[in-house]
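If you want the building blocks of each chain, they are given just below.
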Amino acid sequence: LIRWAKKFGAVVCPTPAYNHTMAARIEGSVRIAKEHLRCMTRAANAPLRFWAYAMKHFCRTHGYWAGKGGTAPPWTKMPKSRLCQDFQRDIQVWACYVTGHLPSDHPLVKEDKTNADRALEGAFMGWHDTTPTFWMYSFRLQKVVRMCDAVFSKSKLPFRDPSVLVNSCDLTDEMVAAMHAADGKLLFPEPAQVQVPEPAQVQVPEP
């Protein structure tokens, strides 16, 4: 850690165990991240296998939030680095419908490379750290791939409504349900319905 800090000019500030103020700030950050992770996955109806992508995308966009008292966001205070960020590009709805294009010489492009369909439909998973490319879950390939030339439809959420896809056979309601089932129990289950027992009938003896 010390060598890393010297290399990048960072200052390491150890936090004493008795520093309750710092501990509270850390716990608050964890709570905020978990709350937004729940909102993002629930809103998109995304399977739990993608939670790490959701968390990373939230952490990226969270950096644009203004600080306490309206201070400038952290991005503006960062030294020059390889990190590729842009506010207008980065703020996207996680797991929304997105398409990317494959280059003509890509192995997945077959037959007529000039007129073949080189677009892939998917769900937006987040941006690559050091390039303007992005990650998406391709429904045709059934895996996360890195793409370029993103075209977003922010109001469309494929995991919630597969009918938004052009190639309807690539994703169905049954396929989404199977993904949820394969991921096990819901990480954020719905509140359980509490069964209130009927009051016992008390037999009052006749006088």
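Residues numbered from 1 in each chain as written. Predicted model: local features only at pLDDT ≥ 70, side-chain atom pairs only at ≥ 80, totals over all residues. Heavy atoms only, no water.

K.L.:
Summarise the nonpolar core; cite the residues concerned and give the values.
P.N.:
Within the largest apolar cluster, 22 residues are counted, with the highest numbers of intra-cluster contacts made by Phe 50, Trp 94, Met 125, Tyr 137, Phe 139 and Phe 159. Taken together, the elements giving at least two residues each to this core come down to helix H2 (20–44), helix H3 (51–62), strand S2 (119–127) and helix H5 (173–182). A total of 4 residues in this core trace back to one element, the largest contributor, which is H2. In terms of nonpolar packing, the next biggest core, distinct from the first, is built from 11 residues, Cys 96, Phe 124, Val 145 and Leu 157 among them. (Core = buried A, V, L, I, M, F, W, Y, C linked by side-chain atoms within 4.5 Å. Buried < 20%, exposed > 50% of the residue type's maximum accessible area, 1.4 Å probe, protein only. Helix = DSSP H or I, 4+ residues; strand = E, 2+ residues; numbered from the N terminus.)

K.L.:
Report on the sheet that holds S2, specifying residues and quantitative values.
P.N.:
Strands sit in the order S1-S2-S3-S4 around a closed barrel of 4 strands; the barrel is antiparallel. Direction aside, the axes of adjacent strands within the sheet are offset by 65° on average. For strand S1 (residues 97–101) and strand S4 (residues 143–153), the ladder comprises 4 bridges, and the chain directions are antiparallel. Counterpart to Tyr 97 in the pairing with S4 is Ser 153. (Pairing = 2+ DSSP bridges. Axes fitted to C-alpha atoms, helices over the stretch in contact; angles between N-to-C directions.)

K.L.:
If you had to explain unusual backbone geometry to someone new, which residues and values would you point to?
P.N.:
Not every positive phi belongs to a glycine, and Asn 45 is a case in point at roughly 55°. Topologically, Asn 45 is positioned in the loop between H2 and H3. Overall, the relative accessible area of 27% leaves Asn 45 in the partly exposed class.

K.L.:
Please set out the packing of H2 against H3 residue by residue, giving values where relevant.
P.N.:
With their axes 9 Å apart at the nearest point, H2 and H3 run at an angle of 120° to one another. Here H3 runs oblique to H2, going by the angle between their axes. As H2 runs across H3, the sense of the crossing is right-handed. Here H2 contributes Ile 32, Ala 33, His 36, Leu 37, Met 40 and Thr 41 to the contact with H3, which in turn contributes Trp 51, Ala 54, Met 55, His 57, Phe 58 and His 62. For the contact of H2 with H3, the class distribution of residues is 8 nonpolar, 4 polar and no charged. (Parallel < 35°, antiparallel > 145°, perpendicular 65-115°, else oblique. Left-handed = near helix turned anticlockwise from the far one by under 90°. Contact = heavy atoms within 4.5 Å. Nonpolar A, V, L, I, M, F, W, Y, C, P; charged D, E, K, R; others polar.)

K.L.:
So what's going on with the pattern of salt bridges? Residues and values would help.
P.N.:
Across all of its chains, the model carries 5 salt bridges by this definition. Put simply, Arg 31 and Glu 35 hold a salt bridge, and the shortest N to O gap is 3.3 Å. Of this pair, Arg 31 and Glu 35 both sit in helix H2, 4 residues apart, which is roughly one turn of that helix. On the accessibility criterion, Arg 31 (45% relative accessible area) is partly exposed. On the basis of relative accessibility, which here comes to 35%, the residue Glu 35 falls in the partly exposed class. The residue Arg 60 makes a salt bridge to Asp 90 at a minimum N-O spacing of 3.3 Å. You can see Arg 60 sitting in helix H3 and its partner Asp 90 sitting in helix H4 (residues 87–90), a full 30 residues away along the chain. By relative accessible area, Arg 60 is classed as buried at 9%. (Salt bridge = Lys/Arg side-chain N within 4 Å of Asp/Glu carboxyl O.)

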